[in-house]
Amino acid sequence: MAEEFDSARFTVIDHPLVQHKLHILRDKDTSTKQFRELVNELAIFEGYEAMRDFPLEDVEVETPLETTTCKRLAGKKVAIIPILRAGMGMVDGLLQLVPSARVGHVGMYRDEETHEPHQYYCKFPDDIQNRTCLVVDPMLATGGSLTAAIKFLREAGVRDIRCLTLVSAPEGVRTTLDFDPDVRLYTCALDRCLNDRAYILPGLGDAGDRIYGTK
């Protein structure tokens, strides 16, 4: 199904280790502790892929034997933007990759009748417009919350937005890519569809509840 979407802007991370961890994540008997750990680990895999094209510059390094020319990141500034609350489960993994990243937050809840998102909190770093923003949320269902977050970031002047999800429905992918022609989207799995309650099938249940053990 990934062939339906623009491969320049939509990436399914099909690494064998990602797929192995994902099958444990989906299992209804996986414990809260293990679920939380797996979300963190998968965020690291996604971070590697989402930052693959970051620019590099030369730097001289003195090894124990000689001086050599190595590569380092060329001053790229990063902000991690979790969509509360489930997105918080992916933040620590990305901070392991980029400890200097700033973290903003977008808080939204979903109306269970209309499935529309409602914002209750939004806080970004002061220099957000100068940063590459990694928007994180484990589940991409209808795309309502993700497109709302993208809208807030564009209004704040952000030019480079990359969205990281673990499990996505085709409906949400289409909505997100159609909403913003420049956004990039990364996921570990493109699932079958949404059910009549806008939950992803086969999915993995409510990611927030499973991360925090609230249901």
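Note that the coordinates shown come from a computational prediction; the quantities given were computed from them, not determined experimentally.

Reading the values: the criteria
- Numbers given for residues are sequential positions, taken from 1 along each chain in its written order.
- Under the rules for a predicted model, residues below a pLDDT of 70 receive no local features and side-chain atom pairs below 80 are neither given nor counted, while totals for whole chains, interfaces and linings still include all residues.
- Derived side-chain values reflect all non-hydrogen atoms in the structure, with water molecules and hydrogen atoms excluded from consideration.
- Whether a residue is buried, partly exposed or exposed follows from its accessible area with a 1.4 Å probe, protein chains only, as a fraction of its type maximum: under 20%, in between, or over 50%, in that order.
- Only DSSP runs of H or I covering at least 4 residues are called helices, and only runs of E covering at least 2 are called strands; the numbering of each starts at the N terminus.
- Of all possible arcs, the one meant is that of the directions from the helix axis to the C-beta atoms.
- Working rule for contacts: check all heavy atoms of both residues, and any pair within 4.5 Å makes them a contact.
- Residues enter a nonpolar core if they are buried and are Ala, Val, Leu, Ile, Met, Phe, Trp, Tyr or Cys, with the set joined through side-chain atoms within 4.5 Å.
- A strand pair is defined by DSSP finding two or more bridges across the two strands.

Caption draft 1: Main features of helix 1 (residues 16–26). Within helix 1, the full set of buried residues consists of V18, K21, L22, I24 and L25. One face of helix 1 carries all of its buried residues, which in axial projection span an arc of 160°. Residues of helix 1 that are buried make contact with helix 2 (32–50), strand 11 (167–168), strand 13 (189–190) and helix 6 (207–212).

Caption draft 2: Region of interest: the nonpolar core. If you look at the biggest cluster of nonpolar residues, it comprises 37 residues, and the most contacted ones within it are L25, L164 and L166. Put simply, the parts of the chain that give this core at least two residues each are helix 1, helix 2, strand 4 (78–84), helix 3 (91–97), strand 8 (132–136) and helix 6. Ranked by residues supplied to this core, first place goes to helix 2 with six residues. In this structure, L146, I150, C163 and V183 belong to the second largest nonpolar core, which totals 26 residues.

Caption draft 3: Spotlight on the side chain of T187. Within the secondary structure layout, T187 lies in strand 12 (residues 184–187). Beyond its immediate stretch of four places on either side in the chain, T187 contacts F10, T11, V12, I13, E46, T165, L166, V167 and S168.

Caption draft 4: Structural context of the side chain of T132. Mapping T132 onto the fold places it in strand 8. When its relative accessible area of 3% is taken as the criterion, T132 is described as buried.

Caption draft 5: Quick look at the pairing of strand 4. Where burial is concerned, most of strand 4 is hidden: seven out of the seven residues are buried. Along strand 4, one buried face is formed by V78, I80, P82 and L84 and the opposite face, lined by A79, I81 and I83, is buried too. In the sheet, strand 4 pairs with strand 8 via five bridges, with the strands oriented parallel. If you follow P82 over to strand 8, its bridge partner there is V136.

Caption draft 6: The arrangement of the pairing of strand 12 in detail. Pairing geometry for strand 1 (residues 10–12) and strand 12, over three bridges, is parallel. Looking across to strand 12, one finds that T11 is bridged to Y186. Pairing analysis gives three bridges linking strand 10 (residues 161–164) to strand 12, with the strands arranged parallel. Looking at strand 12, one finds that R162 is bridged to R184.

Caption draft 7: Representation of unusual backbone geometry within the structure. Following L84, the chain continues into R85 via a peptide bond in cis, with omega recorded as 0°. Position of R85 among the secondary structure elements: in the loop between strand 4 and helix 3. Along the chain, L201 connects to P202 via a cis peptide bond; the corresponding omega equals 0°. By secondary structure assignment, the location of P202 is in the loop between strand 15 (200–201) and helix 6.

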